[in-house]
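Here is how the chains run, residue by residue.
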Amino acid sequence: MSGSLQTRLLLSLALGASTVLLGAGGLLYSLIRVELIAEFDSAISADARLIASRLEYQNGSIELEHGDFSASSFGLSSEPVLYQFFDSQGHLLSQSETLGSEDPHWWKIWHARPVAQFVRSRDQSRARLAGFELTSSEADEHEVSFQQSQPSIAPEKPLTLLVARSTRGLDRTLYRLGWLLVGVCGGATALSLAVSAPFVRSGLRPLLATSAAIADIDSKSLGQRLDSAKAPLEIRVVFDRLNDLLDRLAETFRRERAFSANVAHELRTPLAGLRSIIDVALARPRSTDEYAVALAECLTICLQVEAISENLLLLARLDADEWPVAKREVDLSELLRTTWDQRSHTAAARGVNLRWQLESNILILSDPDLLKLIFRNLLENAATYSDAPYEIVAAAGIDESGTRISVQNPCADLPADTVERVFHRFWRHDESRSATGLNAGLGLALCQEAARALGGSLLATSENGQFRIELRLPTCRLGSD
Amino acid sequence: MRVLIVEDYAPIRVNVAQGLREEGFAVDAAANGQDGLWFAQSQNYDVIILDLMLPKVDGRSILRQLRATGRKACVLILTARNEIDDRVNCLNAGADDYLVKPFAFAELLARVRTLVRRKYDQVVPLIHIGDLEIESAARVVRRGGRVIELTSREYMLLEYLAVREGQLVTRSEIWEHVYDFHAEGSSNVVDVYVGYLRKKLEAEGESRLIHTRRGQGYWIGEQK
């Protein structure tokens, strides 16, 4: 159910009010109806008493004292009172002249259910029928005493007097009452809506203000925050969640902008190098050797840019989980040593040496390409950024929780609180953009994504002048139980 | 004129330095901020080409320190950052010009020359001293319509004296502005080159333009 909250609240109020009012109205109608019918029944009872008081029973027949009374004599309204006398066997003894010779079958109706009830009279209009037993015992509501002048009526032979009266007037009254109540309920509902509307609007004002404040927030104003202290209690949690979301969105936009700027920066520098080389080479006639040197420099830079773009593409694929992880049997020790061998000359030229701490027989099921990517970056970083005494320690082993591989190197000036940033894209400890290393600050970010793709994790620590990165894989030794 | 380039990315640093030297500038180059700051504070450069993102000491810090110590070298910022805020901040911090990477070497050269002219209050790249005419953009020297062929060092010396026409220029000033850090030092190399220059300028008996003030230095201008 969509639509404005104000409309929904007002409709709910209207529904609630109309339900209450209709319920109360219905109850009131029922109560009044019961009372009116009871009063009507009392009137019928009074008619019956009057009829019974004029009753004479002589020689086995019943006669009214004053002869045949027209019904209007008895009627408390303009409608005639209809009556029938029956003996105990159900034989009709007498009935009102208005009924004529017609038998409305009241005996059957009364005999089937001897309570006051609504019946159809001769003209099919509604009437109320009540029955009374006439005996010589004390008079009560349904027993009417005979006059003293008729002692010949034996008490064990009661008469039944059935009296019916048209309920036309009653029905009209009830009809009017019903519609009156409906009208009053409807009017009250409409009035309550009209009166409530400004209060509802006023009550919703904080929400409308919030809605306006949120509408003002766009990608250029992500610094805005909603003041949850001023919000109604019910939506305060919404404010807090929204503020959290805005914080994360602002951070995401900032990192996206930073990433785009970093990518542009990383590519601009080698492009500027290419341009400088070519511009200067072409500025004047040069020897073939000079051109060859310039072209070789250009090629080196092109390879660097190619490496950066490859890394960016790889990172994008890992981010999107589009790298198909192909697991095979991998000898970790062998892979580590092979990866180091490809870099050992460069490291040796810098005076860096490596100490191994490898368990034997580390065979696991994993993706060798991703592992190689991780090992290459870890070892290269360690060799490049190692401080004196330039000793790297590479360790690998398997325990209950899985496989762990770590590379550690001396690094004096990496504070422990900035260690987490080593995984940020394009982050370098030294903010210069010198082209040392081909990864442009993407190496460890790539390793982290690769570790994630392998179902593992990467942890960096910096303690006591040692920088350590550990790769944890939930992979057990092949052939173990 | 003497130029310092402080740029950690070797292809840019090496090739720009080479290109500027080939255009007649004395060029010193530093690969990190620390060395760059040392160079900048120890010499009077005409132009400093300064990268912002440098190892050890960043370009902004170098710029701030230079201006704080009253160094008058013109500073051209070289950077990959192209945001307006970055440019405005650098110019407000005291930079004289800003060039975004990648750039055309010809543009860099033109901007460096403009900064040099500005430093020596030259409005146009054409210097007239009597019947001597120096086109600094084309590096062409004429006297009385005669084109004079000069070596690179001779031209640099003549240009420096010419932008300071009428002013006494000491030997050390000539050394600072015409020779780079790696030039071989010799106490009379300036005198020797002044001699070479005079010979070429007066080859057809023209009047002397480069004058000596004994024990102090040289000045260029028409003798009154």
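Note that the structure is predicted; figures quoted are calculated from it, not measured.

Caption draft 1: Structural context of the sheet that holds strand β6 (residues 126–129) of chain B. Residue and element names in this part refer to chain B. As summarised here, the arrangement of the four strands in space is β6-β7-β8-β9, forming an open sheet in which the pairing is antiparallel. Edge positions in the sheet fall to β6 and β9 (146–148), since each has one partner strand and no second. Mean inter-strand twist for the sheet, computed between neighbouring axes without regard to direction, equals 25 degrees. Sheet topology places β6 next to strand β7 (residues 132–135); four bridges connect them, and they run antiparallel. Bridge assignment links leucine 126 to a residue of β7, and that residue is glutamate 135. With respect to the sheet, helix α6 (residues 152–163) is in contact with β6, β7 and β8 (140–143), its orientation differing from that of β7 by roughly 110 degrees. Together, β7, β8 and β9 form the strand contacts of helix α8 (residues 189–201), whose direction differs from that of β9 by roughly 160 degrees.

Caption draft 2: Seen up close, the packing of aromatic side chains. Residue and element names in this part refer to chain A. Inspection of every chain in the model, using the stated rule, returns five aromatic pairs over all chains. Considering the side-chain rings of tyrosine 83 and phenylalanine 85, the 5.9 Å spacing of their centres and the 70 degrees angle between planes classify their relative orientation as edge-to-face. With a relative accessible area of 4%, tyrosine 83 lands in the buried category. Accessibility expressed as a relative area gives 1% for phenylalanine 85, which makes it buried. Both rings, one in phenylalanine 86 and one in tryptophan 107, keep their centres 5.0 Å apart while their planes meet at 35 degrees; by these two values the pair is tilted. Highlighted residues: phenylalanine 86 in strand β3 (residues 81–86) and tryptophan 107 in helix α3 (residues 106–112), separated in sequence by 21 residues. The lysine or arginine in question, arginine 126, covers the ring of phenylalanine 118, its NZ or CZ lying 3.9 Å from the ring centre. One Lys or Arg, arginine 165, reaches over the ring of phenylalanine 40 and ends 5.3 Å from the middle of that ring.

What counts and what doesn't
- Residues numbered from 1 in each chain as written.
- Chains lettered and ligands numbered in written order.
- Predicted model: local features only at pLDDT ≥ 70, side-chain atom pairs only at ≥ 80, totals over all residues.
- Heavy atoms only, no water.
- Pairing = 2+ DSSP bridges.
- Helix = DSSP H or I, 4+ residues; strand = E, 2+ residues; numbered from the N terminus.
- Axes fitted to C-alpha atoms, helices over the stretch in contact; angles between N-to-C directions.
- Contact = heavy atoms within 4.5 Å.
- Phe/Tyr/Trp six-rings, centres within 6.5 Å; stacked < 30°, edge-to-face > 60°.
- Buried < 20%, exposed > 50% of the residue type's maximum accessible area, 1.4 Å probe, protein only.
- Lys NZ or Arg CZ within 6 Å of the ring centre and 35° of its normal.

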